[in-house]
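Structure at a glance
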Amino acid sequence: MESSINRSLDADGAAVVSVTGEIDFSNADELAGCLRGAVSEWSPPVVRVDLRGASFIDSTGLGALIEGYRATTEIESRFLVINPTPAFRRVLDVTGLCDFFGLGETAEAEPAEQTQATGA
C-alpha cells in the first residue's frame, strides 16, 4: 500500500504532519525527515501528527515519531499525536508513550484552517 506524508502550517502557527497509509521500514525515515523539517523550518509552538489516515505503523514508524518528539522538545515546543487508531493507541499505552505524545490529555482533533502546505 502506498503512503503519503504531508506537512502544513496552520493559521495558529502549529505544524501539522498528516500520515496516510502505512508507515514501516520503507518510509519511516521520510516521516522522521518531515517532522525534523517542520521543526527546523517553522519553529512551531506545537507539532501535531495526524494519524487519521494511517492504516499501519510498525516499530520503525514509532521510532520516527520518537525522533520527531525529540526534535520538537529540543526547541521547547509541544508534540501531539492526534487521531491514532485504537490499535496504535494500545501500542502507545503499552509502551508508555501516550503522555509524551499528548494522548494523556485531550488533544485537539481538528487542526485549524491551513495556510501553507508543502509535501514531505
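To be clear, the structure that these remarks concern was listed above.
These remarks concern the structure in this document. (Residues numbered from 1 in each chain as written. Predicted model: local features only at pLDDT ≥ 70, side-chain atom pairs only at ≥ 80, totals over all residues. Heavy atoms only, no water.)

Time to look at the overall build of the protein. Along the protein, the regular secondary structure elements total 3 helices and 5 strands. The order of α-helices and β-strands along the protein, N terminus first, is β-β-α-β-α-β-α-β. Out of the 120 residues belonging to the protein, those deemed buried represent 44%. Within the protein, residue pairs in contact and separated by at least 24 positions form 72% of the contacts whose partners lie at least 6 positions apart. As presented, the protein carries roughly 6,100 Å² of accessible surface, and 50% of it is formed by carbon and sulfur atoms. (Helix = DSSP H or I, 4+ residues; strand = E, 2+ residues; numbered from the N terminus. Buried < 20%, exposed > 50% of the residue type's maximum accessible area, 1.4 Å probe, protein only. Contact = heavy atoms within 4.5 Å. Areas by Shrake-Rupley, 256 points an atom, 1.4 Å probe, with all protein chains shown as cover.)

Among soluble globular proteins, nonpolar side chains are generally buried collectively. Membership of the largest hydrophobic core comes to 31 residues, with the highest contact counts inside it found for Leu31 and Val49. Breaking this core down by element, the ones donating at least two residues are strand E1 (4-10), strand E2 (15-23), helix H1 (28-42), strand E3 (46-57), helix H2 (59-74), strand E4 (78-82) and helix H3 (86-95). Ranked by residue count, the leading element in this core is H1, at 8 residues. Among residues more than four places away in sequence, those in contact with Leu31 are Ile5, Val17, Val19, Ile23, Gly61, Ala64 and Leu65. (Core = buried A, V, L, I, M, F, W, Y, C linked by side-chain atoms within 4.5 Å.)

Contact geometry for H1 and H2: axes closest at 8 Å, N-to-C directions at 15°. It follows from the interaxial angle that H1 and H2 lie roughly parallel. The handedness of the crossing between H1 and H2 is right-handed. Touching Ala28, Leu31, Ala32, Leu35, Arg36 and Val39 of H1 are Thr60, Gly61, Ala64, Leu65, Glu67, Gly68, Ala71 and Thr72, all from H2. For the contact of H1 with H2, a count of residues per class yields 8 nonpolar, 4 polar and 2 charged. (Axes fitted to C-alpha atoms, helices over the stretch in contact; angles between N-to-C directions. Parallel < 35°, antiparallel > 145°, perpendicular 65-115°, else oblique. Left-handed = near helix turned anticlockwise from the far one by under 90°. Nonpolar A, V, L, I, M, F, W, Y, C, P; charged D, E, K, R; others polar.)

So, on to the packing of aromatic side chains. Enumeration over the complete set of coordinates arrives at 4 aromatic pairs. Ring plane angle 80° and centroid distance 5.4 Å describe the contact between Tyr69 and Phe100, whose orientation is recorded as edge-to-face. With Tyr69 in helix H2 and Phe100 in the loop between H3 and strand E5 (114-119), this residue pair connects regions lying 31 residues apart in the sequence. Residue Phe100 is classed as partly exposed on the basis of its relative accessible area, which comes to 44%. Its guanidinium or amino end placed over the ring of Trp42, Arg7 lies 5.1 Å from that ring's centre, counting from NZ or CZ. (Phe/Tyr/Trp six-rings, centres within 6.5 Å; stacked < 30°, edge-to-face > 60°. Lys NZ or Arg CZ within 6 Å of the ring centre and 35° of its normal.)

Moving on to the pairing of E2. On any regular strand, side chains alternate: one points to one face of the sheet, the next to the other face. Where E1 lies against E2, 6 bridges are found, and the strand directions are antiparallel. Opposite Ile5, over in E2, you have Val19 as the bridge partner. Turn length for the E1-E2 hairpin, with the two strands adjacent in sequence and antiparallel, is 4 residues, and the turn residue Gly13 shows positive phi of about 90°. With 8 bridges joining them, E2 and E3 adopt parallel strand pairing. Bridge pairing in E3 places Gly21 opposite Ala54. Read from E2 through H1 to E3, the crossover connection turns out right-handed. (Pairing = 2+ DSSP bridges. Right-handed = clockwise from strand over helix to strand, strands pointing away.)

Attention now moves to the environment of Arg36. Along the polypeptide, Arg36 turns up in helix H1. We classify Arg36 as partly exposed; its relative accessible area is 39%. Between the C-alpha atom of Arg36 and that of Arg70, which follows or precedes it by 34 residues, the distance is 9.3 Å.

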